[in-house]
Amino acid sequence: VNRAATMLEQPWVGSISAFCRWEHLSTNGTTWNFAGFDKIAAAAALKRKPWALMVILGNEANGLPAYVQSAVPASQKITTDGGTFPVFWSPVANSLLDAMMDKLAARYASDPWLAQVRVTGFWSTHGEPWFAGGEAGKPKWAAAWRATHAADAGLSDAAALVKVQD
């Protein structure tokens, strides 16, 4: 709190942004650790300046909690240059993501200084929307789409990739 408050004292600093990976908020989906965001919220309130939070969903090697990894079926995961993570259309992963977002909303809904909530997507280590993953990634995304969309099982890689991108 002291470091954030010191930074916010600067007249040229109008707000502060904090981020964490999902696994740092919860390792099991039942207990939650908001201490980091709480400290930033306290510093922002003390200095009467807005703050933002960001949750990076991550991948299986970095940031994605074990409870999410174990709940998502293999058919709803992809391994590309961004690591192994749920496909962004996974109903299981999105249900768990919604539950995490509900916890954030409940925690900070009444904070008048919270100006923005950002959550990255299920598509890379840091959540950048790099769907194609270069030439090597395109067939992987297409295969992942076909594996989870029976009606599209016969699509070519190019046609399946169009649906992924849409």
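Read on for an overview of the structure. From a predicted model like this one, the values you see are computed outputs, not experimental measurements.

### Regarding helix α5 (residues 91-108)
Then, in step 1: For α5, with 18 residues, the first-to-last C-alpha span of 25 Å sits near the 26 Å given by 1.5 Å per residue.
Then, in step 2: Along α5, the residues that are buried comprise Ala 93, Leu 97, Met 100, Leu 104 and Tyr 108. Taken end-on, α5 shows its buried residues confined to a sector of 65 degrees, consistent with a single buried face. Exposed side of α5, more than 90 degrees from the buried face: Pro 91, Asp 102 and Ala 106 are the residues found there.

### Some thoughts on the pattern of salt bridges
Then, in step 1: The full count for this structure, using the stated rule, is five salt bridges.
Then, in step 2: Of the charged contacts in the structure, one is a salt bridge between Arg 146 and Asp 157, with a shortest N-O distance of 2.8 Å. Taken together, the positions of Arg 146 in helix α6 (residues 134-148) and Asp 157 in helix α7 (residues 157-165) put the pair eleven residues apart, joining distant regions of the chain.
Then, in step 3: When its relative accessible area of 19% is taken as the criterion, Arg 146 is described as buried.

### Section: helix α3 (residues 35-47)
Because an α-helix completes one turn every 3.6 residues, residues spaced three or four positions apart along the sequence face the same direction.
Then, in step 1: End to end, α3 covers 18 Å across 13 residues, agreeing with the expected 18 Å (1.5 Å per residue, within 8%).
Then, in step 2: Against α1 (2-9), β1 (16-21), α2 (22-25), β2 (51-56) and α5 lie the buried residues of α3.

About the cut-offs
- Residue numbers run consecutively from 1 along every chain, following the written order of its sequence.
- The model is predicted, so local features are restricted to residues of pLDDT at least 70 and side-chain atom pairs to those at 80 or more, both for listing and for counting; the totals for chains, interfaces and linings are taken over all residues.
- With hydrogens and water set aside, each side-chain value is computed from the structure's full complement of heavy atoms.
- Every helix listed is a DSSP run of H or I at least four residues long, and every strand listed is a run of E at least two residues long, numbered separately from the N terminus.
- What a helix should span is 1.5 Å times the count of its residues minus one.
- Partly exposed describes any residue whose relative accessible area lies between the buried limit of under 20% and the exposed limit of over 50%, with all areas from a 1.4 Å probe on protein chains only and scaled to the type maximum.
- By arc we mean the arc of the directions from the helix axis to the C-beta atoms, nothing more.
- Should a side-chain nitrogen of Lys or Arg be within 4 Å of a carboxyl oxygen of Asp or Glu, the pair is scored as a salt bridge.
- When checking whether two residues touch, look at their non-hydrogen atoms; a contact exists if any pair is within 4.5 Å.

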